[in-house]
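These are the residues of each chain, in order.
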Amino acid sequence: MEKLIITVAPTGAQTTRKHTPYVPLTPKEIAESIYESWKAGAAIGHVHVKDLMGENTMDLKVYQEVIDRVQEKCDIILNLTTAGGLETSEEERLKVCDLNPEMATFDAGSMNFGSSVFHNPPGFLEELASRTQLRRIKPEIEVFDVGMIHNALRIAKKGLLDEPFHFQFVLGVAGGMPATPRNLMYMVDSIPKDSTWSAIGASKDQLAINTMSILLGGHVRVGMEDSVYFRKGELATTNAQFVTRIVELARTLGREIATPDEAREMLKLQTNTKNTIGERS
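Described below are features of the structure shown in this document. Owing to the predicted nature of the structure, the values given are computational and were not obtained by experimental measurement.

Okay, unusual backbone geometry next. Note that the residue after Glu163, namely Pro164, is joined by a cis bond; omega there is -5 degrees. Within the secondary structure, Pro164 sits in the loop between α5 (146-157) and β10 (166-171). For Ser203, which is not a glycine, the phi torsion comes out positive at approximately 55 degrees. Examined against the element boundaries, Ser203 turns out to sit in the loop between β11 (196-201) and α7 (206-216). Judged by relative accessible area, Ser203 falls into the partly exposed class, the value being 46%. For Lys268, which is not glycine, the phi torsion reads 60 degrees and is therefore positive.

Written out as structure tokens, the structure is:
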């Protein structure tokens, strides 16, 4: 199998200090958490940012501070969210592309999300696809159910998403597909053969879905965006803890870990915003 790409998602839109006192919220905390996760083995950092009150924001200055702090220290790939919170306007979400990240999220459909609705109408998705294509940003196609795969493929047929695609399967969210082995395998079987893919198991399902992804030849995402518990009843104190566990598990199962540059090649990234200050040993 090819090497394993580990994405760390340190913050997220939903996780707060009510869930765990350890979630990073300030630009300095988020950047340091990504850096520590890179040292542990992560190749991609998935970035959400917060305002001074700890609420979701799409403020480009806050994003830029995180980017600058991270890139001062290491060469990890940064994947910026275009989602923010569930109430974020479409125009705010689209402006993230102005930062020219190597990757950005592409949530491929609308859905019930817990007690709210996550709006991703077709017109918005086509505009987001167009902007990422123009700026040579790699979309991470996030899918919460199999219908979203076909939403993305329909947009691709219009010439707005370029192959090879990279999918992120998000399983276990209330309103999406449950995090079961059968559902994961069905989603893997539903994407074009030359695509790369990664998977998330929300909350208690994180480690099980991570393990299946490793065995099936996919990639993984971990972090406090998806689960605050390292094991039942025990809060993780850092995001790097999750990464270290996956590195150890992957090597036990026969998968080596991809560096950021190896991940760039595997994902066919076109932009080149990496710096060369940090090199992981």
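Turning next to the nonpolar core. Within soluble globular proteins, side chains that are nonpolar generally end up buried alongside one another. Ranked by internal contacts, the top residues of the largest apolar core, which has 44 residues, are Phe106, Ile141, Val143, Leu161, Phe167, Phe169 and Leu184. The element contributing the most residues to this core is α5, with six residues. Not counting chain neighbours up to four residues away, the residues in contact with Val143 comprise Ala108, Met148, Ile149, Phe167, Gln168, Phe169, Val170 and Met187. In terms of nonpolar packing, the next biggest core, distinct from the first, is built from 37 residues, Val220, Phe242, Ile246 and Val247 among them.

This brings us to the side chain of Ser227. Inspection of the secondary structure puts Ser227 in the loop between β12 (219-222) and β13 (229-231). For Ser227, a relative accessible area of 6% gives the class buried. At 3.4 Å, the side chain of Ser227 and the backbone oxygen of Tyr229 are in polar contact. When neighbours within four sequence positions are excluded, Ser227 is seen to be in contact with Ser203, Gln206 and Phe242.

Read around the barrel, eight strands follow the order β1-β2-β5-β6-β9-β10-β11-β12 and close on themselves; strand pairing throughout is parallel. Each adjacent strand pair in this sheet contributes to an overall mean axis angle of 25 degrees, direction not counted. The pairing of strand β9 (residues 138-143) with β10 spans four bridges and is classified as parallel. In the sheet register, Val143 faces β10, and the bridge partner there is Phe169. Docked against the sheet, helix α9 (residues 260-267) engages β2 (44-47), β5 (77-80), β6 (103-107), β9, β10, β11 and β12, running at close to 60 degrees with respect to β5.

One pass over the full model with this rule turns up 17 salt bridges. Between Glu142 and Arg221 there is a salt bridge, with its nearest N and O atoms 3.5 Å apart. Of this pair, Glu142 sits in strand β9 while Arg221 sits in strand β12; the two residues are 79 residues apart in sequence, bridging distant segments of the chain. A residue is classified by how much of its surface remains accessible, and Glu142, at 7% relative accessible area, is buried. Arg221 sits in the buried class, given a relative accessible area of 3%. Because the salt bridges share partners, they merge into one network encompassing Glu142, Arg221, Glu225 and Asp226.

Time to look at the packing of helix α1 (residues 27-40) against helix α8 (residues 239-252). The interhelical angle for the contact between α1 and α8, taken along N-to-C directions, is 15 degrees, at an axis separation of 8 Å. With respect to each other, α1 and α8 are oriented roughly parallel. Judged by the sense of rotation from one axis to the other, the crossing of α1 with α8 is right-handed. Across the interface between the two elements, Ser33, Glu36, Ser37 and Ala40 of α1 pack against Asn239, Ala240, Val243, Thr244 and Val247 of α8. Along the lines of polarity and charge, the residues of the contact of α1 with α8 split into four nonpolar, four polar and one charged.

Another aspect to go through is the packing of helix α6 (residues 181-189) against α7. Look at α6 against α7: their axes get within 11 Å of each other, and the N-to-C directions meet at 40 degrees. Relative to α7, the element α6 is oriented oblique. For α6 against α7, the interelement crossing comes out right-handed. Seen from α6, the contacting residues are Pro181, Leu184 and Met185; seen from α7, they are Ile209, Met212, Ser213 and Leu216. Partitioning the contact of α6 with α7 into residue classes produces six nonpolar, one polar and no charged.

Bringing the environment of Thr82 into the picture now. Among the secondary structure elements, Thr82 is positioned in the loop between β5 and α3 (90-94). Taking the relative accessible area as the measure of exposure, Thr82 reaches 0% and is therefore buried. Aside from chain neighbours lying at most four places away, what touches Thr82 is Met58, Arg93, Val96, Ala104, Thr105, Asp107 and Leu128. Among the polar contacts listed, one links the side chain of Thr82 to the backbone oxygen of Thr105, at a separation of 2.7 Å.

Rules of the game
Residues numbered from 1 in each chain as written. Predicted model: local features only at pLDDT ≥ 70, side-chain atom pairs only at ≥ 80, totals over all residues. Heavy atoms only, no water. Helix = DSSP H or I, 4+ residues; strand = E, 2+ residues; numbered from the N terminus. Buried < 20%, exposed > 50% of the residue type's maximum accessible area, 1.4 Å probe, protein only. Core = buried A, V, L, I, M, F, W, Y, C linked by side-chain atoms within 4.5 Å. Contact = heavy atoms within 4.5 Å. Polar contact = N/O pair within 3.5 Å; in protein donor to acceptor, adjacent residues only side chain to side chain. Pairing = 2+ DSSP bridges. Axes fitted to C-alpha atoms, helices over the stretch in contact; angles between N-to-C directions. Salt bridge = Lys/Arg side-chain N within 4 Å of Asp/Glu carboxyl O. Parallel < 35°, antiparallel > 145°, perpendicular 65-115°, else oblique. Left-handed = near helix turned anticlockwise from the far one by under 90°. Nonpolar A, V, L, I, M, F, W, Y, C, P; charged D, E, K, R; others polar.

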